[in-house]
Amino acid sequence: QMQLVESGGGLVQAGGSLRLSCTASGRTFSTYVGGWFRQAPGKEREFVAAISRSDGRRYADSVKGRFTISRDNVKNTMYLEMNSLKPEDTAVYYCAAKGESNRQPGVVAPSVYNYWGQGTQVTVSS
């Protein structure tokens, strides 16, 4: 019903920047909570950032002040602007969406999201 496709990952030097995109199809993204998660090798998927239907934003402490989540409703696309990247930011980054009918509380747990993209690799070299 809803498809999410990430893009923009790649290899970047520590201190550099990347802008990830997540384009939705099949539904209007602005009616969903949007989230970014990441998963490093051998580790669990962890919350990075979320944006509400009213454009409220929440960030993990590890990225607060460095990453910015946003949404372009005309393009039906969500973004993650990543600045001052560190080697520990290296992971596969996934975008996710939580539907309006989803009454699961919160935004930081992966299990509350209904739809997921396939992920895009971000590698930060030291």
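Everything here concerns the structure above.
Residues numbered from 1 in each chain as written. Predicted model: local features only at pLDDT ≥ 70, side-chain atom pairs only at ≥ 80, totals over all residues. Heavy atoms only, no water.

Enquirer: Just to check I follow, could you spell out the environment of Pro41 for this structure?
Expert: In this structure, Pro41 sits in the loop between β4 (33–39) and β5 (46–51). For Pro41 and Ala91, which are 50 residues apart along the polypeptide, the C-alpha to C-alpha distance reads 7.1 Å. (Helix = DSSP H or I, 4+ residues; strand = E, 2+ residues; numbered from the N terminus.)

Enquirer: Teacher, can you tell me more about the packing of aromatic side chains here?
Expert: Two numbers describe a pair of aromatic rings. These are the distance of the centres and the angle of the planes. For the coordinates displayed, the defined rule picks out five aromatic pairs. Aromatic pair Phe37 and Phe47: ring centres 5.7 Å apart, planes at 75°, arrangement edge-to-face. Placement of Phe37 in strand β4 and of Phe47 in strand β5 is noted, with a sequence separation of ten residues between them. Among the residues examined, Phe47 registers a relative accessible area of 10% and is labelled buried. Between Tyr113 and Trp116, the ring centres sit 6.0 Å apart and the planes meet at 65°, which makes this aromatic pair edge-to-face. Note on Tyr113: relative accessible area 6%, which makes it buried. Taking NZ or CZ as reference, Arg45 lies 3.8 Å from the ring centre of Tyr94, over its face. (Phe/Tyr/Trp six-rings, centres within 6.5 Å; stacked < 30°, edge-to-face > 60°. Buried < 20%, exposed > 50% of the residue type's maximum accessible area, 1.4 Å probe, protein only. Lys NZ or Arg CZ within 6 Å of the ring centre and 35° of its normal.)

Enquirer: Help me understand the environment of Val74, please; the structure alone is not making it clear to me.
Expert: Mapped onto the secondary structure, Val74 falls in the loop between β7 (67–72) and β8 (77–82). Distance from Val74 to Ser30, taken between C-alpha atoms, is 9.5 Å for residues 44 residues apart in sequence.

Enquirer: Sorry if this is basic, but what is going on with the side chain of Arg71 here?
Expert: Here Arg71 lies in strand β7. The side chain of Arg71 sits in the buried core without any salt bridge; Asp55 is the nearest counter-charge, 4.3 Å away. Polar side-chain contacts of Arg71 include one of 2.8 Å to the backbone oxygen of Tyr32. Only 2.7 Å separates the side chain of Arg71 from the backbone oxygen of Ser52, close enough to count as a polar contact. If near-sequence neighbours (up to four positions away) are discounted, Arg71 is found in contact with Phe29, Ser30, Tyr32, Val33, Gly34, Ile51, Ser52, Arg53, Asp55, Thr77 and Met78. (Lys, Arg positive; Asp, Glu negative; His and termini not counted. Salt bridge = Lys/Arg side-chain N within 4 Å of Asp/Glu carboxyl O. Polar contact = N/O pair within 3.5 Å; in protein donor to acceptor, adjacent residues only side chain to side chain. Contact = heavy atoms within 4.5 Å.)

Enquirer: Just checking my understanding: could you explain the environment of Tyr94 for this structure?
Expert: Structurally, the position occupied by Tyr94 is in strand β9 (residues 91–98). Note on Tyr94: relative accessible area 13%, which makes it buried. Separated by 90 residues in the primary sequence, Tyr94 and Leu4 place their C-alpha atoms 9.3 Å from one another. Those residues within four positions of Tyr94 in sequence are excluded, and the remaining contacts are Glu6, Gly35, Trp36, Phe37, Gln39, Arg45, Trp116, Gly117, Gln118 and Gly119.

Enquirer: Whenever I open this one, the sheet that holds β8 confuses me. Can you help?
Expert: Backbone hydrogen bonds hold the strands of a sheet together, and the pairing may be parallel or antiparallel. On the basis of which strands lie adjacent, the open sheet formed by four strands has the order β1-β3-β8-β7 and antiparallel pairing. A strand with exactly one partner marks an edge of an open sheet, and here the two such strands are β1 (3–7) and β7. In this sheet, adjacent strand axes meet at a mean angle of 15° when their direction is disregarded. Both β1 and strand β3 (residues 18–25) contribute to a ladder of five bridges, which runs antiparallel. Its bridge partner lying in β3, Leu4 is registered against Ala24. (Pairing = 2+ DSSP bridges. Axes fitted to C-alpha atoms, helices over the stretch in contact; angles between N-to-C directions.)

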